[in-house]
4 protein chains.
Amino acid sequence: MNIRVRPDSPVPIYEQILTQAVFAIANGDLPAGELLPSVRDLSAELVVNPNTVVRAYQELERLGMIAARRGLGMEVTAEAAKISRDRRKAIVLTRIREALREAAAAGLDADDVCQLVTAEWPKLNTSRK
Amino acid sequence: MNIRVRPDSPVPIYEQILTQAVFAIANGDLPAGELLPSVRDLSAELVVNPNTVVRAYQELERLGMIAARRGLGMEVTAEAAKISRDRRKAIVLTRIREALREAAAAGLDADDVCQLVTAEWPKLNTSRK
Amino acid sequence: MNIRVRPDSPVPIYEQILTQAVFAIANGDLPAGELLPSVRDLSAELVVNPNTVVRAYQELERLGMIAARRGLGMEVTAEAAKISRDRRKAIVLTRIREALREAAAAGLDADDVCQLVTAEWPKLNTSRK
Amino acid sequence: MNIRVRPDSPVPIYEQILTQAVFAIANGDLPAGELLPSVRDLSAELVVNPNTVVRAYQELERLGMIAARRGLGMEVTAEAAKISRDRRKAIVLTRIREALREAAAAGLDADDVCQLVTAEWPKLNTSRK
DNA sequence: GTGGTCTAGACCACG
DNA sequence: GTGGTCTAGACCACA
(Lines give C-alpha, C1' and ligand atoms only; values in the text may rest on other atoms or scores of the structure.)
Protein backbone atom coordinates (compact mmCIF):
# COMPACT_ATOMS: atom_id res chain seq x y z
CA MET A 1 0.00 0.00 0.00
CA ASN A 2 2.92 2.36 0.57
CA ILE A 3 1.07 4.42 3.13
CA ARG A 4 3.04 6.88 5.17
CA VAL A 5 1.79 8.49 8.35
CA ARG A 6 2.97 11.61 10.12
CA PRO A 7 1.98 11.14 13.78
CA ASP A 8 2.63 14.79 14.65
CA SER A 9 0.42 16.19 11.89
CA PRO A 10 -2.70 18.07 13.00
CA VAL A 11 -4.75 15.83 10.73
CA PRO A 12 -5.78 12.63 12.53
CA ILE A 13 -3.82 9.50 11.69
CA TYR A 14 -6.94 7.55 10.76
CA GLU A 15 -7.80 10.30 8.29
CA GLN A 16 -4.34 10.22 6.77
CA ILE A 17 -4.73 6.50 6.18
CA LEU A 18 -8.22 7.03 4.79
CA THR A 19 -7.16 9.75 2.36
CA GLN A 20 -4.16 7.85 1.08
CA ALA A 21 -6.26 4.74 0.59
CA VAL A 22 -8.86 6.73 -1.34
CA PHE A 23 -6.17 8.14 -3.60
CA ALA A 24 -4.54 4.72 -4.03
CA ILE A 25 -7.86 3.28 -5.17
CA ALA A 26 -8.58 6.23 -7.44
CA ASN A 27 -5.16 5.81 -9.04
CA GLY A 28 -5.77 2.13 -9.66
CA ASP A 29 -3.03 1.04 -7.26
CA LEU A 30 -5.67 -0.99 -5.44
CA PRO A 31 -7.83 -2.70 -8.08
CA ALA A 32 -11.26 -4.15 -7.34
CA GLY A 33 -11.13 -7.53 -5.63
CA GLU A 34 -7.76 -6.83 -4.04
CA LEU A 35 -7.46 -7.57 -0.32
CA LEU A 36 -6.25 -4.73 1.86
CA PRO A 37 -3.42 -5.50 4.29
CA SER A 38 -4.87 -6.88 7.51
CA VAL A 39 -5.53 -4.49 10.35
CA ARG A 40 -2.79 -6.08 12.41
CA ASP A 41 -0.22 -6.02 9.63
CA LEU A 42 -0.85 -2.43 8.65
CA SER A 43 -0.90 -1.22 12.24
CA ALA A 44 2.43 -2.96 12.82
CA GLU A 45 3.88 -1.46 9.65
CA LEU A 46 2.74 2.07 10.51
CA VAL A 47 3.64 1.66 14.20
CA VAL A 48 0.13 2.65 15.10
CA ASN A 49 -2.61 1.21 17.27
CA PRO A 50 -4.75 -1.40 15.46
CA ASN A 51 -7.89 0.51 16.41
CA THR A 52 -6.65 3.49 14.45
CA VAL A 53 -6.42 1.36 11.32
CA VAL A 54 -9.82 -0.15 12.12
CA ARG A 55 -11.34 3.29 12.13
CA ALA A 56 -9.90 4.14 8.71
CA TYR A 57 -11.12 0.82 7.31
CA GLN A 58 -14.59 1.32 8.77
CA GLU A 59 -14.81 4.67 7.07
CA LEU A 60 -13.79 3.11 3.76
CA GLU A 61 -16.42 0.43 4.29
CA ARG A 62 -19.05 3.06 5.04
CA LEU A 63 -18.14 4.80 1.80
CA GLY A 64 -18.76 1.53 -0.03
CA MET A 65 -15.18 1.30 -1.24
CA ILE A 66 -14.24 -1.86 0.63
CA ALA A 67 -16.27 -4.75 2.04
CA ALA A 68 -15.47 -7.28 4.75
CA ARG A 69 -14.92 -10.85 3.60
CA ARG A 70 -15.38 -12.71 6.84
CA GLY A 71 -12.29 -14.52 7.93
CA LEU A 72 -10.35 -13.26 4.93
CA GLY A 73 -10.03 -9.52 5.19
CA MET A 74 -11.26 -6.34 3.56
CA GLU A 75 -11.74 -6.40 -0.18
CA VAL A 76 -11.84 -3.48 -2.63
CA THR A 77 -15.31 -3.32 -4.15
CA ALA A 78 -16.17 -3.00 -7.83
CA GLU A 79 -17.57 0.50 -7.34
CA ALA A 80 -14.57 1.67 -5.32
CA ALA A 81 -12.78 3.30 -8.24
CA LYS A 82 -15.74 5.46 -9.18
CA ILE A 83 -16.55 6.37 -5.59
CA SER A 84 -12.96 7.26 -4.83
CA ARG A 85 -12.68 9.55 -7.83
CA ASP A 86 -15.90 11.33 -6.86
CA ARG A 87 -14.71 11.70 -3.31
CA ARG A 88 -11.30 12.93 -4.35
CA LYS A 89 -12.95 15.57 -6.46
CA ALA A 90 -15.21 16.59 -3.59
CA ILE A 91 -12.26 16.87 -1.22
CA VAL A 92 -10.40 19.17 -3.57
CA LEU A 93 -13.42 21.33 -4.25
CA THR A 94 -14.09 21.79 -0.56
CA ARG A 95 -10.55 22.78 0.22
CA ILE A 96 -10.41 25.23 -2.65
CA ARG A 97 -13.69 26.84 -1.63
CA GLU A 98 -12.38 27.30 1.90
CA ALA A 99 -9.18 28.86 0.65
CA LEU A 100 -11.08 31.14 -1.68
CA ARG A 101 -13.36 32.34 1.07
CA GLU A 102 -10.37 33.41 3.09
CA ALA A 103 -8.66 34.95 0.11
CA ALA A 104 -11.75 37.00 -0.60
CA ALA A 105 -11.89 38.10 3.02
CA ALA A 106 -8.28 39.19 2.68
CA GLY A 107 -9.23 41.50 -0.16
CA LEU A 108 -7.79 39.49 -3.03
CA ASP A 109 -9.62 39.00 -6.30
CA ALA A 110 -9.69 36.07 -8.72
CA ASP A 111 -6.69 37.26 -10.69
CA ASP A 112 -4.57 37.59 -7.56
CA VAL A 113 -5.39 34.04 -6.59
CA CYS A 114 -4.57 32.65 -10.02
CA GLN A 115 -1.22 34.41 -9.90
CA LEU A 116 -0.58 32.85 -6.49
CA VAL A 117 -1.54 29.46 -7.83
CA THR A 118 0.80 29.56 -10.79
CA ALA A 119 3.57 30.93 -8.58
CA GLU A 120 3.17 28.30 -5.88
CA TRP A 121 2.55 25.31 -8.08
CA PRO A 122 6.14 24.52 -9.06
CA LYS A 123 7.20 24.63 -5.42
CA LEU A 124 5.12 21.59 -4.58
CA ASN A 125 7.11 18.39 -4.41
CA THR A 126 4.33 15.99 -5.19
CA SER A 127 4.39 12.43 -6.43
CA ARG A 128 3.07 13.49 -9.81
CA LYS A 129 5.09 12.54 -12.84
CA MET B 1 -15.98 45.43 14.03
CA ASN B 2 -18.51 43.70 11.80
CA ILE B 3 -17.31 40.25 12.72
CA ARG B 4 -19.42 37.29 11.75
CA VAL B 5 -18.97 33.86 13.25
CA ARG B 6 -20.10 30.51 11.84
CA PRO B 7 -20.39 28.16 14.84
CA ASP B 8 -20.67 25.08 12.62
CA SER B 9 -17.49 25.77 10.68
CA PRO B 10 -14.63 23.35 11.20
CA VAL B 11 -12.37 26.26 12.07
CA PRO B 12 -12.46 27.18 15.78
CA ILE B 13 -14.54 30.19 16.70
CA TYR B 14 -11.67 31.95 18.46
CA GLU B 15 -9.65 31.58 15.27
CA GLN B 16 -12.45 33.01 13.16
CA ILE B 17 -12.53 36.06 15.39
CA LEU B 18 -8.76 36.30 15.30
CA THR B 19 -8.54 36.07 11.53
CA GLN B 20 -11.26 38.64 10.93
CA ALA B 21 -9.64 41.01 13.38
CA VAL B 22 -6.32 40.62 11.59
CA PHE B 23 -7.99 41.36 8.29
CA ALA B 24 -9.87 44.34 9.69
CA ILE B 25 -6.63 45.84 10.94
CA ALA B 26 -4.84 45.11 7.69
CA ASN B 27 -7.62 46.84 5.76
CA GLY B 28 -7.38 49.90 7.97
CA ASP B 29 -10.82 49.39 9.44
CA LEU B 30 -9.17 49.40 12.86
CA PRO B 31 -6.53 52.16 12.90
CA ALA B 32 -3.76 52.36 15.49
CA GLY B 33 -4.96 53.70 18.84
CA GLU B 34 -8.50 52.45 18.32
CA LEU B 35 -10.06 50.59 21.27
CA LEU B 36 -11.44 47.13 20.64
CA PRO B 37 -14.94 46.35 21.90
CA SER B 38 -14.85 44.85 25.39
CA VAL B 39 -14.83 41.09 25.75
CA ARG B 40 -18.24 41.32 27.34
CA ASP B 41 -19.76 43.37 24.52
CA LEU B 42 -18.26 41.38 21.70
CA SER B 43 -19.18 38.02 23.19
CA ALA B 44 -22.73 39.26 23.63
CA GLU B 45 -22.87 40.52 20.06
CA LEU B 46 -21.52 37.27 18.61
CA VAL B 47 -23.55 35.07 20.98
CA VAL B 48 -20.38 33.35 21.98
CA ASN B 49 -18.71 32.26 25.20
CA PRO B 50 -16.70 35.20 26.66
CA ASN B 51 -13.72 32.88 27.10
CA THR B 52 -13.69 32.44 23.35
CA VAL B 53 -13.27 36.18 22.80
CA VAL B 54 -10.64 36.30 25.52
CA ARG B 55 -8.63 33.70 23.71
CA ALA B 56 -8.79 35.60 20.43
CA TYR B 57 -7.70 38.81 22.17
CA GLN B 58 -4.86 37.00 23.93
CA GLU B 59 -3.63 35.76 20.60
CA LEU B 60 -3.79 39.26 19.12
CA GLU B 61 -1.86 40.56 22.12
CA ARG B 62 0.74 37.82 21.74
CA LEU B 63 1.15 38.85 18.10
CA GLY B 64 1.80 42.42 19.21
CA MET B 65 -1.22 43.80 17.38
CA ILE B 66 -3.12 45.00 20.43
CA ALA B 67 -2.04 46.05 23.89
CA ALA B 68 -3.90 46.41 27.16
CA ARG B 69 -4.58 49.97 28.32
CA ARG B 70 -5.33 49.48 31.99
CA GLY B 71 -8.81 50.59 32.84
CA LEU B 72 -9.67 51.37 29.23
CA GLY B 73 -9.47 48.17 27.22
CA MET B 74 -7.41 46.74 24.40
CA GLU B 75 -5.87 49.21 21.99
CA VAL B 76 -4.59 48.64 18.46
CA THR B 77 -0.82 49.14 18.46
CA ALA B 78 1.19 51.26 16.07
CA GLU B 79 2.86 48.20 14.55
CA ALA B 80 -0.42 46.40 14.13
CA ALA B 81 -0.95 47.42 10.52
CA LYS B 82 2.34 46.01 9.33
CA ILE B 83 2.09 42.85 11.42
CA SER B 84 -1.43 42.21 10.25
CA ARG B 85 -0.56 42.56 6.59
CA ASP B 86 2.30 40.07 6.95
CA ARG B 87 0.10 37.69 8.80
CA ARG B 88 -2.77 38.07 6.37
CA LYS B 89 -0.46 37.15 3.56
CA ALA B 90 0.81 34.15 5.50
CA ILE B 91 -2.72 32.97 6.28
CA VAL B 92 -3.85 33.15 2.70
CA LEU B 93 -0.68 31.55 1.40
CA THR B 94 -0.97 28.69 3.86
CA ARG B 95 -4.54 27.93 2.96
CA ILE B 96 -3.85 28.07 -0.74
CA ARG B 97 -0.81 25.84 -0.44
CA GLU B 98 -2.89 23.27 1.45
CA ALA B 99 -5.55 23.32 -1.22
CA LEU B 100 -2.96 23.07 -3.97
CA ARG B 101 -1.23 20.12 -2.37
CA GLU B 102 -4.48 18.21 -2.34
CA ALA B 103 -5.39 19.30 -5.83
CA ALA B 104 -2.04 18.05 -7.08
CA ALA B 105 -2.55 14.74 -5.28
CA ALA B 106 -5.90 14.48 -7.05
CA GLY B 107 -4.21 14.81 -10.41
CA LEU B 108 -5.23 18.37 -11.31
CA ASP B 109 -2.80 20.86 -12.85
CA ALA B 110 -2.46 24.63 -12.45
CA ASP B 111 -4.88 25.43 -15.26
CA ASP B 112 -7.56 23.20 -13.78
CA VAL B 113 -7.27 25.00 -10.49
CA CYS B 114 -7.45 28.46 -12.08
CA GLN B 115 -10.59 27.41 -13.90
CA LEU B 116 -12.03 26.21 -10.61
CA VAL B 117 -11.12 29.48 -8.98
CA THR B 118 -12.80 31.66 -11.58
CA ALA B 119 -15.83 29.35 -11.58
CA GLU B 120 -16.21 29.31 -7.80
CA TRP B 121 -15.39 32.91 -7.11
CA PRO B 122 -18.76 34.46 -7.96
CA LYS B 123 -20.54 31.89 -5.80
CA LEU B 124 -18.99 33.24 -2.63
CA ASN B 125 -21.36 35.33 -0.60
CA THR B 126 -18.83 37.44 1.18
CA SER B 127 -19.31 40.84 2.72
CA ARG B 128 -17.30 42.41 -0.11
CA LYS B 129 -19.12 44.62 -2.53
CA MET C 1 -33.46 9.97 27.08
CA ASN C 2 -34.77 6.83 28.79
CA ILE C 3 -32.42 4.54 26.93
CA ARG C 4 -32.09 1.00 28.16
CA VAL C 5 -29.30 -1.33 27.15
CA ARG C 6 -29.08 -5.10 27.36
CA PRO C 7 -25.36 -5.91 27.56
CA ASP C 8 -25.91 -9.61 26.84
CA SER C 9 -27.89 -9.04 23.67
CA PRO C 10 -26.28 -10.22 20.45
CA VAL C 11 -26.86 -6.76 18.96
CA PRO C 12 -23.96 -4.42 19.81
CA ILE C 13 -24.52 -1.95 22.59
CA TYR C 14 -23.62 1.04 20.43
CA GLU C 15 -26.26 -0.09 17.95
CA GLN C 16 -28.87 -0.40 20.67
CA ILE C 17 -28.16 3.17 21.71
CA LEU C 18 -28.23 4.29 18.09
CA THR C 19 -31.54 2.63 17.32
CA GLN C 20 -33.25 3.94 20.43
CA ALA C 21 -31.99 7.45 19.73
CA VAL C 22 -33.26 7.26 16.16
CA PHE C 23 -36.67 6.20 17.41
CA ALA C 24 -36.67 8.86 20.13
CA ILE C 25 -36.01 11.53 17.53
CA ALA C 26 -38.59 10.11 15.14
CA ASN C 27 -41.16 10.15 17.93
CA GLY C 28 -40.41 13.76 18.74
CA ASP C 29 -39.02 12.93 22.19
CA LEU C 30 -35.83 14.71 21.12
CA PRO C 31 -36.85 17.90 19.28
CA ALA C 32 -34.48 19.83 17.03
CA GLY C 33 -32.03 22.00 18.95
CA GLU C 34 -32.11 19.77 22.01
CA LEU C 35 -28.74 18.81 23.48
CA LEU C 36 -28.10 15.09 23.93
CA PRO C 37 -26.80 13.95 27.30
CA SER C 38 -23.03 14.23 27.38
CA VAL C 39 -20.99 11.19 26.50
CA ARG C 40 -19.75 10.93 30.06
CA ASP C 41 -23.19 11.28 31.61
CA LEU C 42 -24.86 8.75 29.35
CA SER C 43 -22.03 6.25 29.70
CA ALA C 44 -22.26 6.55 33.47
CA GLU C 45 -26.03 6.15 33.38
CA LEU C 46 -25.90 3.07 31.14
CA VAL C 47 -22.87 1.64 32.98
CA VAL C 48 -21.04 1.44 29.70
CA ASN C 49 -17.68 2.58 28.42
CA PRO C 50 -17.70 6.20 27.17
CA ASN C 51 -16.24 5.07 23.85
CA THR C 52 -19.30 2.93 23.26
CA VAL C 53 -21.51 5.99 23.56
CA VAL C 54 -19.09 7.94 21.39
CA ARG C 55 -19.50 5.41 18.64
CA ALA C 56 -23.28 5.65 18.73
CA TYR C 57 -23.10 9.46 18.67
CA GLN C 58 -20.65 9.43 15.78
CA GLU C 59 -23.04 7.29 13.80
CA LEU C 60 -25.88 9.70 14.53
CA GLU C 61 -23.65 12.56 13.45
CA ARG C 62 -22.75 10.75 10.22
CA LEU C 63 -26.46 10.30 9.56
CA GLY C 64 -26.89 14.06 9.89
CA MET C 65 -29.22 13.73 12.85
CA ILE C 66 -27.00 15.42 15.41
CA ALA C 67 -24.18 17.94 15.15
CA ALA C 68 -21.35 18.75 17.54
CA ARG C 69 -21.53 22.16 19.21
CA ARG C 70 -17.98 22.59 20.35
CA GLY C 71 -17.64 22.79 24.08
CA LEU C 72 -21.36 22.36 24.55
CA GLY C 73 -22.35 18.94 23.36
CA MET C 74 -24.25 17.22 20.58
CA GLU C 75 -27.35 18.95 19.27
CA VAL C 76 -30.31 17.48 17.40
CA THR C 77 -30.38 18.95 13.90
CA ALA C 78 -33.39 20.44 12.14
CA GLU C 79 -33.46 17.62 9.58
CA ALA C 80 -33.15 14.93 12.23
CA ALA C 81 -36.85 14.19 12.44
CA LYS C 82 -37.21 13.56 8.74
CA ILE C 83 -34.00 11.53 8.51
CA SER C 84 -34.95 9.42 11.49
CA ARG C 85 -38.34 8.60 10.08
CA ASP C 86 -36.82 7.58 6.77
CA ARG C 87 -34.25 5.45 8.50
CA ARG C 88 -36.79 3.86 10.79
CA LYS C 89 -38.81 2.87 7.76
CA ALA C 90 -35.75 1.46 6.04
CA ILE C 91 -34.84 -0.57 9.12
CA VAL C 92 -38.28 -2.12 9.31
CA LEU C 93 -38.41 -2.89 5.60
CA THR C 94 -35.04 -4.59 5.69
CA ARG C 95 -35.91 -6.78 8.64
CA ILE C 96 -39.23 -7.78 7.12
CA ARG C 97 -37.62 -8.67 3.82
CA GLU C 98 -35.09 -10.88 5.60
CA ALA C 99 -37.81 -12.62 7.57
CA LEU C 100 -39.86 -13.13 4.43
CA ARG C 101 -36.97 -14.65 2.55
CA GLU C 102 -36.56 -17.25 5.28
CA ALA C 103 -40.27 -17.85 5.52
CA ALA C 104 -40.39 -18.48 1.78
CA ALA C 105 -37.46 -20.86 2.05
CA ALA C 106 -39.39 -22.69 4.76
CA GLY C 107 -42.23 -23.28 2.36
CA LEU C 108 -44.69 -20.77 3.79
CA ASP C 109 -46.79 -18.49 1.60
CA ALA C 110 -48.02 -14.96 2.12
CA ASP C 111 -51.21 -16.05 3.88
CA ASP C 112 -49.30 -18.20 6.35
CA VAL C 113 -47.10 -15.26 7.24
CA CYS C 114 -50.02 -12.89 7.73
CA GLN C 115 -51.63 -15.41 10.04
CA LEU C 116 -48.39 -15.61 12.00
CA VAL C 117 -48.23 -11.83 12.18
CA THR C 118 -51.73 -11.40 13.55
CA ALA C 119 -51.16 -14.27 15.98
CA GLU C 120 -47.84 -12.94 17.27
CA TRP C 121 -48.69 -9.28 17.38
CA PRO C 122 -50.61 -9.21 20.66
CA LYS C 123 -47.79 -11.07 22.42
CA LEU C 124 -45.41 -8.17 21.95
CA ASN C 125 -44.98 -6.02 25.02
CA THR C 126 -43.98 -2.85 23.30
CA SER C 127 -43.99 0.71 24.50
CA ARG C 128 -46.81 1.60 22.14
CA LYS C 129 -49.90 3.10 23.64
CA MET D 1 -28.36 -30.62 -1.87
CA ASN D 2 -28.94 -27.54 -3.99
CA ILE D 3 -27.58 -25.24 -1.35
CA ARG D 4 -26.82 -21.67 -2.30
CA VAL D 5 -24.67 -19.39 -0.21
CA ARG D 6 -24.52 -15.59 -0.23
CA PRO D 7 -21.07 -14.65 1.14
CA ASP D 8 -22.01 -11.01 1.59
CA SER D 9 -25.10 -11.69 3.68
CA PRO D 10 -24.99 -10.58 7.30
CA VAL D 11 -25.88 -14.12 8.39
CA PRO D 12 -22.85 -16.37 8.80
CA ILE D 13 -22.14 -18.80 5.99
CA TYR D 14 -22.16 -21.84 8.27
CA GLU D 15 -25.60 -20.80 9.45
CA GLN D 16 -26.86 -20.42 5.91
CA ILE D 17 -25.75 -23.97 5.18
CA LEU D 18 -27.26 -25.18 8.41
CA THR D 19 -30.61 -23.53 7.81
CA GLN D 20 -30.90 -24.77 4.26
CA ALA D 21 -30.02 -28.28 5.33
CA VAL D 22 -32.68 -28.16 8.03
CA PHE D 23 -35.21 -26.99 5.47
CA ALA D 24 -34.14 -29.66 2.97
CA ILE D 25 -34.65 -32.36 5.57
CA ALA D 26 -37.97 -30.91 6.68
CA ASN D 27 -39.17 -30.88 3.08
CA GLY D 28 -38.19 -34.51 2.61
CA ASP D 29 -35.49 -33.71 0.08
CA LEU D 30 -33.05 -35.52 2.37
CA PRO D 31 -34.77 -38.69 3.64
CA ALA D 32 -33.55 -40.69 6.62
CA GLY D 33 -30.54 -42.84 5.83
CA GLU D 34 -29.35 -40.56 3.04
CA LEU D 35 -25.63 -39.70 3.10
CA LEU D 36 -24.69 -36.05 3.07
CA PRO D 37 -22.05 -34.88 0.56
CA SER D 38 -18.57 -35.01 2.05
CA VAL D 39 -17.18 -31.88 3.64
CA ARG D 40 -14.60 -31.74 0.90
CA ASP D 41 -17.13 -31.98 -1.93
CA LEU D 42 -19.61 -29.53 -0.49
CA SER D 43 -16.97 -26.95 0.36
CA ALA D 44 -15.64 -27.21 -3.18
CA GLU D 45 -19.13 -26.84 -4.64
CA LEU D 46 -19.97 -23.81 -2.52
CA VAL D 47 -16.48 -22.27 -2.89
CA VAL D 48 -16.25 -22.04 0.85
CA ASN D 49 -13.71 -22.86 3.52
CA PRO D 50 -14.00 -26.55 4.52
CA ASN D 51 -14.04 -25.56 8.17
CA THR D 52 -17.25 -23.69 7.48
CA VAL D 53 -18.96 -26.84 6.24
CA VAL D 54 -17.53 -28.77 9.18
CA ARG D 55 -19.13 -26.33 11.55
CA ALA D 56 -22.51 -26.63 9.87
CA TYR D 57 -22.30 -30.43 10.01
CA GLN D 58 -21.24 -30.35 13.66
CA GLU D 59 -24.27 -28.27 14.45
CA LEU D 60 -26.55 -30.69 12.59
CA GLU D 61 -24.97 -33.55 14.50
CA ARG D 62 -25.45 -31.73 17.78
CA LEU D 63 -29.10 -31.29 16.90
CA GLY D 64 -29.41 -35.06 16.35
CA MET D 65 -30.33 -34.68 12.68
CA ILE D 66 -27.30 -36.41 11.25
CA ALA D 67 -24.92 -39.00 12.63
CA ALA D 68 -21.44 -40.12 11.61
CA ARG D 69 -21.18 -43.50 9.90
CA ARG D 70 -17.52 -44.35 10.27
CA GLY D 71 -15.83 -44.67 6.94
CA LEU D 72 -18.93 -43.66 5.03
CA GLY D 73 -19.85 -40.13 5.99
CA MET D 74 -22.71 -38.33 7.70
CA GLU D 75 -26.12 -39.92 7.54
CA VAL D 76 -29.53 -38.38 8.05
CA THR D 77 -31.07 -39.87 11.20
CA ALA D 78 -34.52 -41.32 11.59
CA GLU D 79 -35.58 -38.52 13.90
CA ALA D 80 -34.23 -35.83 11.60
CA ALA D 81 -37.54 -35.14 9.87
CA LYS D 82 -39.37 -34.36 13.10
CA ILE D 83 -36.52 -32.37 14.60
CA SER D 84 -36.08 -30.35 11.43
CA ARG D 85 -39.74 -29.43 11.22
CA ASP D 86 -39.71 -28.20 14.81
CA ARG D 87 -36.57 -26.23 14.22
CA ARG D 88 -37.79 -24.80 10.95
CA LYS D 89 -40.83 -23.49 12.71
CA ALA D 90 -38.71 -22.01 15.47
CA ILE D 91 -36.40 -20.32 12.99
CA VAL D 92 -39.21 -18.70 11.08
CA LEU D 93 -41.01 -17.66 14.22
CA THR D 94 -37.89 -16.09 15.67
CA ARG D 95 -37.17 -14.06 12.58
CA ILE D 96 -40.75 -12.88 12.28
CA ARG D 97 -40.90 -11.92 15.94
CA GLU D 98 -37.74 -9.86 15.54
CA ALA D 99 -39.14 -8.07 12.53
CA LEU D 100 -42.43 -7.48 14.30
CA ARG D 101 -40.77 -6.05 17.36
CA GLU D 102 -39.04 -3.48 15.22
CA ALA D 103 -42.12 -2.76 13.18
CA ALA D 104 -44.04 -2.11 16.38
CA ALA D 105 -41.30 0.19 17.64
CA ALA D 106 -41.61 2.09 14.37
CA GLY D 107 -45.29 2.66 15.00
CA LEU D 108 -46.77 0.24 12.48
CA ASP D 109 -49.71 -1.98 13.29
CA ALA D 110 -50.60 -5.53 12.22
CA ASP D 111 -52.45 -4.41 9.11
CA ASP D 112 -49.54 -2.30 7.92
CA VAL D 113 -47.23 -5.28 8.25
CA CYS D 114 -49.59 -7.61 6.36
CA GLN D 115 -49.78 -5.08 3.55
CA LEU D 116 -46.00 -4.94 3.50
CA VAL D 117 -45.83 -8.70 3.39
CA THR D 118 -48.18 -9.10 0.45
CA ALA D 119 -46.43 -6.24 -1.34
CA GLU D 120 -42.93 -7.59 -0.79
CA TRP D 121 -43.65 -11.25 -1.34
CA PRO D 122 -43.67 -11.29 -5.15
CA LYS D 123 -40.36 -9.42 -5.22
CA LEU D 124 -38.49 -12.32 -3.63
CA ASN D 125 -36.46 -14.31 -6.11
CA THR D 126 -36.49 -17.57 -4.28
CA SER D 127 -36.02 -21.06 -5.64
CA ARG D 128 -39.70 -21.75 -5.11
CA LYS D 129 -41.95 -22.15 -8.14
C1' DG E 1 -17.28 21.33 31.31
C1' DT E 2 -17.58 19.35 26.18
C1' DG E 3 -16.25 16.10 22.25
C1' DG E 4 -12.04 14.08 19.35
C1' DT E 5 -8.27 11.12 19.07
C1' DC E 6 -5.23 7.59 20.36
C1' DT E 7 -3.20 3.66 22.90
C1' DA E 8 -3.34 -0.90 25.15
C1' DG E 9 -5.27 -4.99 25.60
C1' DA E 10 -9.18 -8.06 26.04
C1' DC E 11 -12.85 -11.44 24.16
C1' DC E 12 -15.73 -13.02 20.46
C1' DA E 13 -17.50 -15.05 15.99
C1' DC E 14 -16.09 -16.49 11.65
C1' DG E 15 -13.37 -19.14 8.11
C1' DG F 1 -5.65 -16.29 10.59
C1' DT F 2 -9.51 -12.36 9.92
C1' DG F 3 -12.50 -8.33 11.51
C1' DG F 4 -16.05 -6.64 15.33
C1' DT F 5 -16.86 -5.08 19.79
C1' DC F 6 -15.83 -3.46 24.24
C1' DT F 7 -13.20 -1.67 28.25
C1' DA F 8 -9.89 1.39 30.51
C1' DG F 9 -7.58 5.31 30.62
C1' DA F 10 -4.81 8.94 28.54
C1' DC F 11 -4.11 13.68 26.23
C1' DC F 12 -5.80 17.39 23.45
C1' DA F 13 -8.48 21.53 21.66
C1' DC F 14 -12.40 24.17 22.43
C1' DA F 15 -15.95 26.99 25.02
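Residues numbered from 1 in each chain as written. Chains lettered and ligands numbered in written order. Predicted model: local features only at pLDDT ≥ 70, side-chain atom pairs only at ≥ 80, totals over all residues. Heavy atoms only, no water.

By the naming in an unreviewed UniProt entry, chain A is GntR family transcriptional regulator, taken from Limnoglobus roseus.

Asker: Would you mind showing me how to read the protein's contact with DNA strand F here?
Answerer: Near DNA strand F, the surroundings consist of 24 residues, among which Arg40 of chain A, Pro12 of chain B together with Ile13, Asn51 and Thr52 of chain C are the closest. Per the 4 Å cut-off to the protein, sugar and phosphate atoms form 67% of the nearby atoms of DNA strand F. A distance of 2.9 Å separates a base nitrogen of DNA strand F from a polar side-chain atom of Arg40 of chain A. One of the side-chain N or O atoms of Arg55 of chain C is found 2.8 Å from a phosphate oxygen in DNA strand F. (Near = heavy atom within 4 Å. Polar contact = N/O pair within 3.5 Å; in protein donor to acceptor, adjacent residues only side chain to side chain.)

Asker: I keep staring at the layout of surface pockets and nothing clicks. Help me out?
Answerer: In this approach a probe as big as a water molecule rolls over the atoms, and the regions it shows empty are the leftover space. Put simply, the second largest pocket is a space of about 390 Å³. Along the wall of the second largest pocket there are 15 residues; nearest its centre are Ile13, Asn49 and Thr52 of chain B together with Arg70 and Leu72 of chain C. Contributions of two or more residues to the lining of the second largest pocket are made by α1 (13-26) and α3 (50-62) of chain B. In terms of residue class, the lining of the second largest pocket is made up of nine nonpolar, three polar and three charged. (1 Å grid on protein atoms, 1.4 Å probe; cavity = no way out; pocket = protein on both sides within 12 Å on 5 of 7 lines; lining within 4 Å. Points joined across faces, edges and corners; volume = space filled by probe spheres on them. Helix = DSSP H or I, 4+ residues; strand = E, 2+ residues; numbered from the N terminus. Nonpolar A, V, L, I, M, F, W, Y, C, P; charged D, E, K, R; others polar.)

Asker: Sorry if this is basic, but what is going on with the side chain of Gln16 of chain A here?
Answerer: Residues and elements named next belong to chain A. Of note, Gln16 is situated in helix α1 (residues 13-26). At 2.9 Å, the side chain of Gln16 forms a polar contact with the backbone nitrogen of Arg6. Polar contacts involving the side chain of Gln16 include one to the main-chain carbonyl oxygen of Val11, which spans 2.9 Å. Among all residues touching Gln16, those that are not within four sequence positions of it are Arg4, Val5, Arg6, Ser9 and Val11. (Contact = heavy atoms within 4.5 Å.)

Asker: Would you mind going over the interface of chain C and chain D with me for this structure?
Answerer: For interface size, the figure often reported is the accessible area lost on association. Between chain C and chain D, the residue contacts involve 31 residues of the former and 33 residues of the latter. Both sides of the chain C and chain D interface together cover about 3,300 Å² of buried area, and 73% of this is carbon and sulfur. Our enumeration of links across chain C and chain D arrives at two salt bridges. The partner of Arg97 of chain D in a salt bridge is Glu120 of chain C, with the nearest N and O atoms 2.7 Å apart. For the pair chain C and chain D, the number of links is two residue pairs in polar contact (both at pLDDT 80 or more). (Buried area = accessible area lost by both parts, 1.4 Å probe. Salt bridge = Lys/Arg side-chain N within 4 Å of Asp/Glu carboxyl O.)

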